Amino acid sequence: MCGLLAGVVLAAASFPAVALSGLAAKAGAEGFSELPSEIKQQTSPQMSRIYASDGKTQIAVMYDEYRSDVPLKDIAVTMQNAIVAAEDHKFYQHHGVDFKGLARAFVNNQNGGDQQGASTLTMQVVRMSLTYSTTSASEVVAATAKTSERKVAEMKYALELEKQLTKQQILERYLNIAPFGNRAYGIYAASQVYFGKKPKDLDVAQAALLAGMVKGTSLFDPTTKDGYPKAKQRRDYVINDMQSLGFVTTDQAAKAKAEVVPRTTRPVGNGCTDVSRNEWGFFCDYFQRWWMSQPAFGVNSYERERRLRSGGYKIVTTLDIDAQKAARKRILQQRKDDSVNALLLAAVQPGTGKVLALAANRKFKLPTAANPNPLSSDPAKKKAGARATYPNTTNPIITGGGDINGYQAGSVFKMFTMVAALENGVGLDFTINTTPRYVSPLYLDSGAPAACGGHYCPSNSSDKEKGSYNMWTGFGASVNTYFVPLQEKIGAEHVVDVAKRFGVQFREPGDNDLATKYAHDWGSFTLGVSASTPLDIANAYATLAADGKYCQPTPVQQITTHTGEKLKAGQPSCKQATTPEVARKALDATRCPVGDQAQLGSCAGTGTAKAARGVVRHPVFGKTGTTDAEKTASLVVGTTSIVVAGYMVNPDWQAHKDQMKHDVINPAVWNTVADYMDGKPSEQFKTP
């Protein structure tokens, strides 16, 4: 290598002595030999792709640099030839350094001519690689500064790189690492941004345009007024060089020059607000929040986000396109996106925790000046704590997180009381002679709507609900004055414990305080006064259908690295939350509210959503829920394959005075289940 470099010195010696002041002075044998010869190259940032459960439908891409490496075989030969013509005519003849070209450029520059770089493709690969292998800003500056020291280092690296890689490998690396402007890094991104094509499909004119842009991405940007004529001139210059090098014929060159240069680029989405279909935005956001919570991807949020946006992952999620489409369709049949009240649906697969769908009558997008949230201009509601999430929002209104703690769901919580009772030896046939209003001897209350004489005194929705009930009929008719004394019998702390084991998150500080410190006295817990989300309840009921096995909800089916390694992160994480026998018994009673038949006992004609069984046409289980003054309404319906929970709420202003009706939410939930189950074989629940 010293001998080769000496050739540069000898060549320069025949020119003015000033030519030796920079490069030659730095090229002494001793100094040159001390330079490193191996680049500890890191992989350049790669965008991550997010797919639906079919592994084919792309939901979104996430990146810091829009780039995705492709093998040389998937890059048109025309593109390969164009970059050689544009940047390095002697690429296939030299060994990393074009010494004659280097000396010529050096003398030209010293004599005041137009500045020439004379960097070969190999030297450019070295320079770009160094920017991804350095660890500090000063090192990046040193790797890219226009100095003779940098040039000499590049030469040595380039000579060594040519020993380690073939010309094809160097060319592949160059095309994948080079910037092409307009947020496009590498040839895959450039092909997409400028032409909406794969690199293998680029023609001569397109390849020449892209190759010409590498010299100056801003100077030769065809999308700008000043850059357009320069880009065309540069493209034609590259085409001429391709012709002179024998890469194209005269006719091919003329035809290529006649092609119109594009003035616009194709929009490049990035993140969940740029999902392929807006209805997937809430799921995408849930996935991103899940990723950011996983220690496996980094010790802090910065590391986790960096890996997601630069790791080049292929992420196959659990989003079921058909289930999502059905949920969105059925929601819009009941409430449009501009409704102040929101219909929120979450779907989960029993036994895996896979989240199949997350849908709402909202657009997943940030409000804009042209389309602000209506509540943002209402001072009274803002003062009352309204969030302003309609019709556009990026808040996790379906899954919770941030300042979204959830919503009171009502009687769907009675299931936890039933499970706790069964665990403590109380049978499904346990009978209570109920009254329209119950005066609790255990729970005290003063000042709340359900208080009477200092005691907690809940009532039923109708005075007709009285008399003898067991768990089948009490659950089917949703009798409050059955479940409050049942909770008293076994202890509210046991009911709260079941809810925790079944995945209910106590996000509201007051709820969390009650759950952790005063659970024994939480008399109204069985009536669903704790804030929860549709995803919480869908997954809790899915635990029953999975024989008592609770699985953490997950949006991920498989994560594969850019090298093809499959990661374990996101795989089902399950534990036995209750015994299979208890789960089967509880599920037997949960068939009563939705019009199905219990296997061990009788529903006795009870049911608050009896039409569900006839609509779904499969064995079903579930429960309705309503809160005080009907400020929220809920319904959960499930089969052995899917559980869908729906809430009808005002996520912006929970102090509203609207009444949420089950004739709105119920059809959305059971029709979503019916659509998903259509054509699937009927499967009976396991007999207790």
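On a predicted model such as this, the values are computed, not experimentally measured, just so you know. (Residues numbered from 1 in each chain as written. Predicted model: local features only at pLDDT ≥ 70, side-chain atom pairs only at ≥ 80, totals over all residues. Heavy atoms only, no water.)

**With respect to the sheet that holds strand 7 (residues 355-360)**
Next up, step 1: Strand order across the open sheet formed by five strands is 7-6-22-21-20, with antiparallel pairing between neighbours. Edge positions in the sheet fall to strand 7 and strand 20 (621-626), since each has one partner strand and no second. In this sheet, neighbouring strand axes are inclined to one another by 10 degrees on average, regardless of whether the strands run parallel or antiparallel.
Next up, step 2: Relative to strand 22 (residues 643-649), strand 21 (residues 633-638) is paired through six bridges, and the arrangement is antiparallel. Bridging across to strand 22, Val637 finds its partner in Val644.
Next up, step 3: Helix 25 (residues 662-677) rests against strand 6 (342-348), strand 7, strand 20, strand 21 and strand 22 of the sheet, and its axis sits at about 20 degrees to strand 21. (Pairing = 2+ DSSP bridges. Helix = DSSP H or I, 4+ residues; strand = E, 2+ residues; numbered from the N terminus. Axes fitted to C-alpha atoms, helices over the stretch in contact; angles between N-to-C directions. Contact = heavy atoms within 4.5 Å.)

**Some details on the state of the cysteines**
Next up, step 1: In this structure the tally under the stated criterion is four disulfides.
Next up, step 2: Between Cys592 and Cys603 runs a disulfide, and the two sulfur atoms are separated by 2.0 Å. When the S-S torsion is -80 degrees, as for the bridge of Cys592 with Cys603, the disulfide is left-handed. Taken together, the residues span a long stretch of sequence, with Cys592 in the loop between helix 23 (580-589) and helix 24 (611-616) and Cys603 in the loop between helix 23 and helix 24 at a distance of 11 residues.
Next up, step 3: Among the residues examined, Cys592 registers a relative accessible area of 0% and is labelled buried.
Next up, step 4: Each bonded cysteine of the chain gets a number by its place in the sequence, and the pairs then read 1-2, 3-4, 5-6, 7-8. (Disulfide = S-S within 2.5 Å. Buried < 20%, exposed > 50% of the residue type's maximum accessible area, 1.4 Å probe, protein only.)

**Details of helix 13 (residues 281-292)**
Next up, step 1: Between its first and last C-alpha, helix 13 extends 16 Å over 12 residues, near the 16 Å set by a 1.5 Å rise per residue.
Next up, step 2: Listed in full, the buried residues belonging to helix 13 are Gly281, Phe282, Phe283, Cys284, Asp285, Tyr286, Phe287, Gln288, Trp290 and Trp291. (Expected span 1.5 Å × (residues − 1).)

**Quick notes on the pattern of salt bridges**
Next up, step 1: Summed over the entire model, instances satisfying the criterion amount to 26 salt bridges.
Next up, step 2: In this structure, Arg127 engages Glu154 in a salt bridge whose closest nitrogen and oxygen atoms are separated by 2.7 Å. With Arg127 in helix 5 (residues 121-133) and Glu154 in helix 7 (residues 148-164), this pair connects stretches of sequence that are 27 residues apart.
Next up, step 3: The salt bridge partner of Asp596 is Arg613, with a shortest N-O separation of 3.4 Å. (Salt bridge = Lys/Arg side-chain N within 4 Å of Asp/Glu carboxyl O.)

**Here we look at the confidence of the model for the chain**
Next up, step 1: Mean pLDDT for the chain: 89, with 88% of residues reaching 70 or above.
Next up, step 2: Contacts of residues 1-35 to residues separated by more than four positions or lying in other chains number 45 contacts, the stretch itself having pLDDT below 50. (pLDDT = per-residue confidence, 0-100.)

**Focus: the packing of helix 13 against helix 14 (residues 301-310)**
Next up, step 1: Here helix 13 crosses helix 14 at 130 degrees, and the two axes come no closer than 9 Å. Comparing the axis directions of helix 13 and helix 14 gives the class oblique. Taken together, the residues of helix 14 that come into contact with helix 13 (itself represented by Phe287, Gln288, Trp291 and Met292) are Ser301, Arg304, Glu305, Arg307, Leu308 and Arg309.
Next up, step 2: Along the lines of polarity and charge, the residues of the contact of helix 13 with helix 14 split into four nonpolar, two polar and four charged. (Parallel < 35°, antiparallel > 145°, perpendicular 65-115°, else oblique. Nonpolar A, V, L, I, M, F, W, Y, C, P; charged D, E, K, R; others polar.)

**A look at the sheet that holds strand 2 (residues 58-62)**
Next up, step 1: If you trace the five strands from one edge of the open sheet to the other, you get 2-1-5-17-18, paired in mixed fashion. In the strand order of this sheet, the two ends are held by strand 2 and strand 18 (566-567), each with one partner.
Next up, step 2: The pairing of strand 1 (residues 48-51) with strand 2 spans four bridges and is antiparallel. Residue pairing for strand 2: Tyr51 is matched across the bridge by Gln58.

**Quick look at unusual backbone geometry**
Leaving glycine out, the prevailing phi sign among residues is negative, and the prevailing peptide bond configuration is trans.
Next up, step 1: The omega angle of the peptide bond from Tyr390 to Pro391 is -5 degrees, so this bond is cis rather than trans.
Next up, step 2: Residue placement: Pro391 occurs in the loop between helix 16 (379-383) and strand 9 (392-393).
Next up, step 3: We note that Ala604 has phi near 55 degrees; this positive angle belongs to a residue other than glycine.
Next up, step 4: Examined against the element boundaries, Ala604 turns out to sit in the loop between helix 23 and helix 24.
Next up, step 5: For Arg617, which is not a glycine, the phi torsion comes out positive at approximately 60 degrees.
Next up, step 6: Assignment of secondary structure puts Arg617 in the loop between helix 24 and strand 20.

**What to know about the layout of surface pockets**
Next up, step 1: In this model, the second largest pocket occupies a volume close to 1100 Å³.
Next up, step 2: Contributing to the lining of the second largest pocket are 41 residues, with Asn480, Leu527, Thr626, Thr627 and Asp628 lying nearest its centre.
Next up, step 3: The set of elements that each furnish at least two residues to the lining of the second largest pocket consists of strand 10 (407-408) and strand 20.
Next up, step 4: For the lining of the second largest pocket, the leading source of residues is strand 20, giving four residues.
Next up, step 5: Among the residues making up the lining of the second largest pocket, the classes are represented as 13 nonpolar, 20 polar and eight charged. (1 Å grid on protein atoms, 1.4 Å probe; cavity = no way out; pocket = protein on both sides within 12 Å on 5 of 7 lines; lining within 4 Å. Points joined across faces, edges and corners; volume = space filled by probe spheres on them.)

**Structural notes on the packing of aromatic side chains**
Next up, step 1: For the structure on display, the rule yields 19 aromatic pairs.
Next up, step 2: Ring plane angle 55 degrees and centroid distance 4.9 Å describe the contact between Trp522 and Phe525, whose orientation is recorded as tilted.
Next up, step 3: Taking relative accessible area as the criterion, Trp522 reaches 4% and is therefore assigned buried.
Next up, step 4: When the centroid spacing of 5.4 Å and the interplanar angle of 85 degrees are considered together, the rings of Phe621 and Phe685 count as edge-to-face. Highlighted residues: Phe621 in strand 20 and Phe685 in the segment after helix 25, separated in sequence by 64 residues. (Phe/Tyr/Trp six-rings, centres within 6.5 Å; stacked < 30°, edge-to-face > 60°.)

**A short note on the nonpolar core**
Next up, step 1: One finds Phe416 and Ile559 to be the most contacted residues of the largest nonpolar core, which totals 94 residues.
Next up, step 2: By size, the runner-up hydrophobic cluster in this structure holds 66 residues, among which are Leu159, Phe195, Tyr228 and Ala256. (Core = buried A, V, L, I, M, F, W, Y, C linked by side-chain atoms within 4.5 Å.)

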